[in-house]
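Spelled out, the chains give:
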Amino acid sequence: MTAELVVSLSGLTDAPAGAIERARVLVSELERRGVPVTHLVRPRAESGSLTGDDALVRWIGARRIAGDALALHGYDHDPDPTRQGARIGRRAEFAMLPRHEAGLRLVAARRALTMAGLGTDVFVPPRWLASPGTLEAVREQGFAVCADENGVHLFGEPSARLIRSRALGFRLTGERRPAADDRRRAETWRRRLLQAEARRIAHRGGVVRIGMRAKDLRKPGRVRALLDSVDDVLAAGAVPTTYEGLAAAARRAA
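Residues numbered from 1 in each chain as written. Predicted model: local features only at pLDDT ≥ 70, side-chain atom pairs only at ≥ 80, totals over all residues. Heavy atoms only, no water.

J.: When you look at the overall build of the protein in this model, what are you seeing that I'm missing?
T.: Per the secondary structure count, the protein includes seven helices and twelve strands. Taken over 254 residues, the protein has a buried fraction of 51%. Across the protein, contacts joining residues at least 24 apart in sequence account for 69% of those joining residues at least 6 apart. When the accessible surface of the protein is summed, it comes to about 12,300 Å², and 48% of that surface belongs to carbon and sulfur atoms. (Helix = DSSP H or I, 4+ residues; strand = E, 2+ residues; numbered from the N terminus. Buried < 20%, exposed > 50% of the residue type's maximum accessible area, 1.4 Å probe, protein only. Contact = heavy atoms within 4.5 Å. Areas by Shrake-Rupley, 256 points an atom, 1.4 Å probe, with all protein chains shown as cover.)

Here's what the structure looks like:
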């Protein structure tokens, strides 16, 4: 079974100055390797909704023409309204939402994205966490894909299916980490874990999913670990694709 590789990039909506330029450098390195990027976009920034005049929107539009893909990445990443004060994390917006509340946020997010001149039928919840109600709402609203921390849900005809594949990155729920006060050792551990897991999945013929955040791009070691992992996965025979590409392949195989 041939492995597949999906690389995503998030966190650029409210990223500080220089983030888009760092993203350009990374995307250029991946493009040189023939690897497209799925851009995870939050349409509502702290200053308001994205518009077609924003540099991020213009860049992503150009990247889509070049072969990259887009995924809706929540709405505003506010705390889950049903769990105020819970320690799920501010950005785990869809982790505990019931179907109705998730549906309302999805409608608002899709509208905001459309107003900015972008559109997609791929949804990736913040922190990769989607409640059962969110999955129901995503399917009801006609999304083709929902990628969460444990797999990729494909909602196309003739029937839905789940590709089981853990999302890899430098900050994921449930990781066991070294002592918090040993930052250097913890950072080395994260990089080695990413590379080891990516190689293992590729050699098994699975879907290797690597998620990068804008804040990761500030650390050259993390960028290097990503590129080394990509090189290892490609050397193992993996085929680069996007979340849109996974859905298209499933439709062709149906």
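Following the structure, the description resumes.
J.: Help me out: how do you make sense of the packing of helix H3 (residues 99-115) against helix H4 (residues 132-140) in this one?
T.: In a packed pair of helices, the relevant descriptors are the angle between the two axes and the axis-to-axis distance. At a closest axis distance of 8 Å, the pairing of H3 and H4 adopts a crossing angle of 50 degrees. What the angle tells us is that H3 and H4 run oblique. The way H3 lies across H4 gives a crossing that is right-handed. The residues of H4 that touch H3, namely those facing Arg99, Ala102, Gly103 and Leu106, are Gly133, Thr134, Glu136, Ala137, Val138 and Glu140. Across the contact of H3 with H4, the residue classes break down as four nonpolar, three polar and three charged. (Axes fitted to C-alpha atoms, helices over the stretch in contact; angles between N-to-C directions. Parallel < 35°, antiparallel > 145°, perpendicular 65-115°, else oblique. Left-handed = near helix turned anticlockwise from the far one by under 90°. Nonpolar A, V, L, I, M, F, W, Y, C, P; charged D, E, K, R; others polar.)

J.: What should I look at first to understand the environment of Ala55 in this one?
T.: Relative to the helices and strands, Ala55 resides in helix H2 (residues 55-65). Residue Ala55 is classed as partly exposed on the basis of its relative accessible area, which comes to 40%. Here the alpha-carbon distance between Ala55 and Ile20, two residues 35 residues apart in the chain, equals 8.5 Å.

J.: Please explain the packing of aromatic side chains as it appears in this structure.
T.: Aromatic ring pairs: the centre-centre distance and the angle between the two ring planes describe each pair. Under the criterion given, the structure shown has two aromatic pairs. Relative to Phe123, the ring of Phe94 has its centre 5.1 Å away and its plane inclined at 75 degrees; by these criteria the two rings are edge-to-face. Linking Phe94 in the loop between strand S5 (69-72) and H3 with Phe123 in strand S6 (residues 122-123), this pair joins segments that are 29 residues apart in sequence. The same class applies to Phe94 as to Phe123, namely buried. Chaining the aromatic ring pairs together yields one cluster made of Phe94, Phe123 and Phe143. Its guanidinium or amino end placed over the ring of Phe143, Arg110 lies 3.8 Å from that ring's centre, counting from NZ or CZ. (Phe/Tyr/Trp six-rings, centres within 6.5 Å; stacked < 30°, edge-to-face > 60°. Lys NZ or Arg CZ within 6 Å of the ring centre and 35° of its normal.)

J.: Can you help me understand the packing of helix H5 (residues 183-204) against helix H6 (residues 220-235) in this one?
T.: Contact geometry of H5 with H6 gives a least axis separation of 9 Å together with a crossing angle of 15 degrees. Judged by the angle between their axes, H5 and H6 are roughly parallel. Crossing of H5 against H6: the hand is right-handed. On H6, the residues touching Glu187, Arg190, Arg191, Leu194, Gln195, Ala198, Arg199 and Ala202 of H5 are Gly221, Arg222, Ala225, Leu226, Asp228, Ser229, Asp232 and Val233.

J.: Quick question: what am I supposed to make of H2 here?
T.: Along an α-helix, residues three or four positions apart point the same way, because every turn accommodates 3.6 residues. Those residues of H2 not exposed but buried are Leu56, Val57, Trp59, Ile60 and Arg63. Viewed along the axis of H2, the buried residues span an arc of 165 degrees, placing them on a single side of the element. Residues of H2 that are exposed and point more than 90 degrees away from the buried face comprise Arg58 and Ile65. For H2, the secondary structure elements touched by its buried residues are helix H1 (19-32), strand S2 (37-41) and S5. (Arc of directions from axis to C-beta.)

J.: Looking at this model, I keep getting lost on the pattern of salt bridges. Mind explaining?
T.: If the charged atoms of two oppositely charged side chains come close together, the side chains can form a pair. On inspection of all chains with the given rule, the structure shows 20 salt bridges. When the shortest N-O distance is used, the salt bridge between Arg213 and Asp216 registers 2.9 Å. A cluster of three or more residues bridged by salt bridges with shared partners is formed by Glu187, Arg190, Arg191, Arg213, Asp216 and Arg222. (Salt bridge = Lys/Arg side-chain N within 4 Å of Asp/Glu carboxyl O.)

Note that all results are geometric; they support no functional claim without further evidence.
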